[in-house]
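Structural overview
Listed below, chain by chain, are the residues.
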Amino acid sequence: MDLDFGQIVPYIPFILNGIKVTLLVTLISVILGFIWGSILALIKISKFGPLNWLAVAYTSVFRGTPLILQLTFVYFATPQLTGYNISQLEAAVLTFTLNSGAYISETIRGGILAVDKGQWEAAKALGIPYRRMMLDIILPQGVKNILPALVNETIALLKESALVSTIGLADILQNANVVKGTIFRYFEPYIIAGVLYYVMVMILTWVARMLERRMRRSD
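Sequence order as written defines residue numbering, which begins from 1 separately in each chain. Local features in a predicted model are, by the rule used here, given only for residues with pLDDT of at least 70; side-chain atom pairs are given and counted only at 80 or more, and totals for whole chains, interfaces and linings are based on all residues. As a rule here, side-chain values cover all heavy atoms of the structure and leave hydrogens and water aside.

Concerning the packing of helix 2 (residues 18-44) against helix 3 (residues 49-64)
The criterion, for reference: For helices, the fitted axis covers only the stretch in contact; all axes are lines through C-alpha atoms, and the angles between them, taken along N-to-C directions, range from 0 to 180 degrees. Think of it this way: any DSSP run of H or I at least four residues long counts as a helix, any run of E at least two long counts as a strand, and we number them from the N terminus. Here is the rule for angles: anything less than 35 degrees is roughly parallel, anything more than 145 is roughly antiparallel, 65 through 115 is roughly perpendicular, and the remaining ranges are oblique. If you view the pair so one helix is near and one far, a crossing is left-handed when the near helix is turned anticlockwise from the far one by less than a right angle, and right-handed when it is turned clockwise. When checking whether two residues touch, look at their non-hydrogen atoms; a contact exists if any pair is within 4.5 Å. Following the grouping adopted for this structure description, the nonpolar residues are Ala, Val, Leu, Ile, Met, Phe, Trp, Tyr, Cys and Pro, the charged ones are Asp, Glu, Lys and Arg, and the polar ones are all others, Gly among them.
Interhelical geometry of helix 2 versus helix 3 gives an angle of 130° and a closest axis separation of 8 Å. Relative to helix 3, the element helix 2 lies oblique. At the point where helix 2 passes helix 3, the crossing takes the left-handed sense. Contacts from Trp36, Leu40, Ile43 and Lys44 of helix 2 reach helix 3 at Leu51, Asn52, Ala55, Val56, Tyr58 and Thr59. Split into classes, the residues belonging to the contact of helix 2 with helix 3 amount to seven nonpolar, two polar and one charged.

Things to note about the UniProt feature "transmembrane region" (unreviewed entry) in the protein chain
Rule in force here: UniProt positions are given in the numbering used here, feature names are shortened, and annotations may be inferred rather than shown by experiment.
Per the UniProt entry, the sites bearing "transmembrane region" (unreviewed entry) are residues 21-43, 55-77 and 190-208 in this numbering. Along residues 55-77 the backbone is 91% helical and 0% strand, and the end-to-end C-alpha distance reaches 23 Å. End C-alpha to end C-alpha, residues 190-208 measures 27 Å, and it is 100% helix and 0% strand.

Describing the nonpolar core
Stated formally: Definition of nonpolar core: a set of buried residues of the types Ala, Val, Leu, Ile, Met, Phe, Trp, Tyr and Cys, connected through side-chain atoms within 4.5 Å. The buried label goes to any residue with under 20% of its type's maximum accessible area, the exposed label to any with over 50%, and the partly exposed label to all in between, with areas taken from a 1.4 Å probe on protein chains only.
Ranked by size, the top nonpolar core spans 18 residues in total, and within it Ile15 and Ile172 carry the most contacts. When residues of this core are traced back to their parent elements, those giving at least two are helix 8 (147-160), helix 9 (172-183) and helix 10 (187-217). With seven residues, helix 10 is the largest single contributor of residues to this core. Look past the residues within four positions of Ile15 in its chain and what remains in contact with it is Ile8, Ile172, Asn175, Ala176, Val179, Pro189, Ile192 and Leu196. Counting 13 residues, the second largest nonpolar core, distinct from the first, contains Ile104, Ile108, Val115 and Ile138.

Comments concerning the UniProt feature "domain: ABC transmembrane type-1" (unreviewed entry) in the protein chain
As annotated in UniProt, the feature "domain: ABC transmembrane type-1" (unreviewed entry) corresponds to residues 19-208 in the numbering used here. As annotated, residues 19-208 comprises 83% helix and 0% strand, and the C-alpha atoms at either end are separated by 20 Å.

With respect to the pattern of salt bridges
Defined as follows: When a carboxyl oxygen of Asp or Glu is within 4 Å of a side-chain nitrogen of Lys or Arg, the pair counts as a salt bridge.
For the structure shown, the criterion picks out four salt bridges. Across the pair Arg185 and Glu188 runs a salt bridge whose closest N-O atoms are separated by 3.0 Å. Taken as a pair, Arg185 and Glu188 share a single burial class, namely buried. Each of Lys44, Arg63, Glu106 and Arg109 takes part in one network of salt bridges that share partners.

A closer look at the environment of Gln174
As for its position among the elements, Gln174 is in helix 9. As for Gln174 and Thr78, which are separated by 96 residues in sequence, their C-alpha atoms are 22 Å apart. Setting aside residues no more than four positions away along its own chain, Gln174 makes contact with Ser165, Gly168 and Leu169.

Re helix 3
Note the threshold: One less than the residue count of a helix, multiplied by 1.5 Å, gives the span that helix is expected to have. An arc is given here, and it is the one of the directions from the helix axis to the C-beta atoms.
Across its 16 residues, helix 3 extends 22 Å between first and last C-alpha, which sits within 8% of the 22 Å expected from 1.5 Å per residue. Of the positions making up helix 3, those classed as buried are Asn52, Ala55, Tyr58, Thr59 and Phe62. One side of helix 3 carries all its buried residues, which in axial view fall inside an arc of 125°. Helix 3 presents Pro50, Trp53 and Gly64 as exposed residues on the side facing more than 90 degrees away from its buried surface. The secondary structure elements touched by the buried residues of helix 3 are helix 2, helix 4 (67-82) and helix 5 (88-114).

Here's what the structure looks like:
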C-alpha cells in the first residue's frame, strides 16, 4: 500500500476550514427545517382540505426525488427562472431546509398524534384556544416524544451536507477534493474528511443522549 500521510499534513488546516461551512449549513437548515416542518405538520392535521392536500403533495415530491437533484435544480435553475443569481450557500440552505422540512413534518405529525387524547379533551374543556393548545400543550409533548427521530434527521442532514461539494461550496468534502487534486492522492484526504464527519456525528449523538437523560429526569 502506497500511503504517505506526511504529504497531507500541511493541508489538514485547509480541510478543517470546511467544518465551519458544514456546520453552518447543517445548523441553519435544521432550525429552519424544524420551523417549516412544524408548520407543515400543523397543516396536515388541520381540517382545511386544500392546504392539507398541498402539504401532503409537497412532502410527497421532496421525499420522492433525490436530494442531489433538488440541490442542483435550486442552484442552477433559480437564475434561469427568477433572474436571481443565488449563491452556493443560499442554494444549500434553501434546499436542505425544504427537504428536511418534508421529513420532519411527518415525524412531528406522528408525535402530535401520539399525544394522549385526554390532553386534547382537557384543553378543549378548559376553553383554551386551538393555537394556544397546540403551541403550549400538544406540540411540546409531541416534540419530546420524537426527540430521537429529530436527532437522527439532524445526523442525516449533517452527512448529506457533503452534497454541497457538487455545487462548489467549500465544505469538508470539497476541500478534501481540492487537496486531492493538488497532491494527486486520494486515500489520505478522504480519510481525513471521513474522520471529521465521524467525530462530528459522535459529538452530536453524545449531546443528544445527554439531552434525553435530562428530559427523562424532568418527567
